[in-house]
Amino acid sequence: MKYISTRGKEVCQGFSDILLEGLVADGGLIIPESLPKIGIQKLEEWRELSYEDLAFEILSIFSNEISSNDLRSLITKTYHSEAFNFGKEIVTLKPLFNNLSLLGLSQGPTLAFKDIAMQFLGNAFEYVLINKNLKLNIIGATSGDTGSAAEYALRNKKNISVFMLSPYGRMSLFQRSQMYSLKDQNIHNIAVYGNFDELQDIVKFLSSNLKFKQTYRLGLINSINWIRIAAQIVYYFYGWLRATNSNDTNKKVSFTVPSGNFGNILAGHIARCMGLPIHRLVLATNENNVLEEFFKTGIYRPRKPALTYITSSPSMDISHASNLERFIFQLVEQDPEQVKKLWLDLAENGFFDLSHFQPLFEKEYGFVSGSSTHQDRIETIKWIYKTLEIFIDPHTADGVKVATKFSEPGIPMLVLETASPVKFSETVKEALGKTPPIPSYLKNIEQLPQKFTIMNCNAKEIREYFEVHAIT
Ligand SMILES: *Cc1c(COP(=O)(O)O)cnc(C)c1O
């Protein structure tokens, strides 16, 4: 596998470099130069594989310079039944009605799909750092899901410390309890008097200081990491294999993906480019519909943070979609100069216009898009519960709502279940008047003792705290 940058600079090729290097020095993103084709025959060979074995086959394609044995043991360490779903399947297909099913991705430790890639990343980070005898300090800001997925992936790992800024008093009780109840020495929860954007600015400010960055080996954990995308490709293949059987004549499957940063659905797009018979990739957004607009018009116009709505599907409340650059790079036939020009346009004018490509989005790549409102999500949660007595979370409800518009007879439509309803029980309660049952092991989570430090929204103070506690 040869890797290149969307902005043209040479990139390192090994597994550990790809893993540790989120962003290329030219500001671009890492992407394979070309993708291998997986034919129908290979897919049939993979049909009986467990999730773990399929993950090995697919991640092998993307992992240069790591031995099969080491990759195998990382995967075994990650995708085992204690971490996911208590001994049942890691990822499950849950039929709803007609051709509509959920692809259950929220059975990991923090009950959201991000666990699937992040748990692998956590083990991979530790492996690489120990091998290279390096220490790493991860610094990040979270409004909820990313932070907890990262902390649960990196807790108790050797050679790594995590400093996670969260907006004090602005996360749900469940999210707070999930993060702050971690007692691991290497996890530092910093609750800051500020909002998410202010916290992100502090992270950017600290990591832009090159000397500081090098002294403490500062790392970021974000959705542009290629290894994260690679680990997400696996469940599209797995979902396709579960939704079809070997004597199906019509083997196409569609996927609907509740989207924010374009990371999850990008993995589906890559799977499709590798030959997985995907009919449609339905991109679902909430009121923050920057991506819906892009796929409908070809115009990409990110929102200013102040104009980004706070919604009942908060993990999709994004102002811009970092991973979109990888798709654009492909659209402009891998010409880094055009990518640079587009992002310059963006910085100058606040948008760029690729409307001449728009007809290709559906015809060539299968992309269509739609969005939901708060009321849509409430109605959808009610509808699914009334019909099937199944609880779904507001992000998944967004997907189900948009999926019904694009589903076609005879073609399985898999909606990615990105979070468990337990995580967003306030909205479920608003819809149904009752909350989803909490798994017994989480019953007391809100009563557990918490470990976190409250700080002012002040980069200097946060930096001092970091300097005292960083692993060196
Ligand atoms: C992160 C997240 C999303 C959005 O995924 P992207 O990869 O950013 O598009 C959707 N739903 C949930 C529950 C999430 O945590």
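On a predicted model such as this, the values are computed, not experimentally measured, just so you know. (Residues numbered from 1 in each chain as written. Predicted model: local features only at pLDDT ≥ 70, side-chain atom pairs only at ≥ 80, totals over all residues. Heavy atoms only, no water.)

Enquirer: Is there a simple way to explain the pattern of salt bridges in this structure?
Expert: If charged atoms from side chains of opposite charge come close, those side chains can pair. A full pass over the atoms with the stated rule returns 19 salt bridges. Here Lys423 and Asp145 are joined by a salt bridge, their closest N and O atoms 2.9 Å apart. With Lys423 in the loop between strand 14 (413-417) and helix 18 (425-432) and Asp145 in helix 6 (residues 145-154), this pair connects stretches of sequence that are 278 residues apart. Take Lys423: its relative accessible area is 1%, and that puts it in the buried class. Overlapping salt bridges bring together Glu44, Arg47 and Lys251 as one network. (Salt bridge = Lys/Arg side-chain N within 4 Å of Asp/Glu carboxyl O. Helix = DSSP H or I, 4+ residues; strand = E, 2+ residues; numbered from the N terminus. Buried < 20%, exposed > 50% of the residue type's maximum accessible area, 1.4 Å probe, protein only.)

Enquirer: Is there a simple way to think about the side chain of Ser319 in this case?
Expert: Within the secondary structure layout, Ser319 lies in the loop between strand 11 (299-300) and helix 13 (324-331). Polar contacts involving the side chain of Ser319 include one to the side chain of His320, which spans 3.5 Å. Not counting chain neighbours up to four residues away, the residues in contact with Ser319 comprise Val290, Pro302, Arg303, Lys304, Pro305 and Thr308. (Polar contact = N/O pair within 3.5 Å; in protein donor to acceptor, adjacent residues only side chain to side chain. Contact = heavy atoms within 4.5 Å.)

Enquirer: Where do I start with the sheet that holds strand 13 (residues 367-371) in this structure?
Expert: Through backbone hydrogen bonds, the strands of a sheet pair up, either in parallel or in antiparallel fashion. Strand order in this open sheet of six strands is 3-4-14-9-10-13, and the pairing throughout is mixed. Only two strands of the sheet have a single neighbouring strand rather than two, namely strand 3 (92-97) and strand 13. Pairwise comparison of adjacent strand axes, ignoring direction, gives a mean angle of 25° for this sheet. As judged from the three bridges shared by strand 9 (residues 253-258) and strand 14, these two strands associate in the parallel manner. By the bridge assignment for strand 14, Ser254 is matched with Met413. (Pairing = 2+ DSSP bridges. Axes fitted to C-alpha atoms, helices over the stretch in contact; angles between N-to-C directions.)

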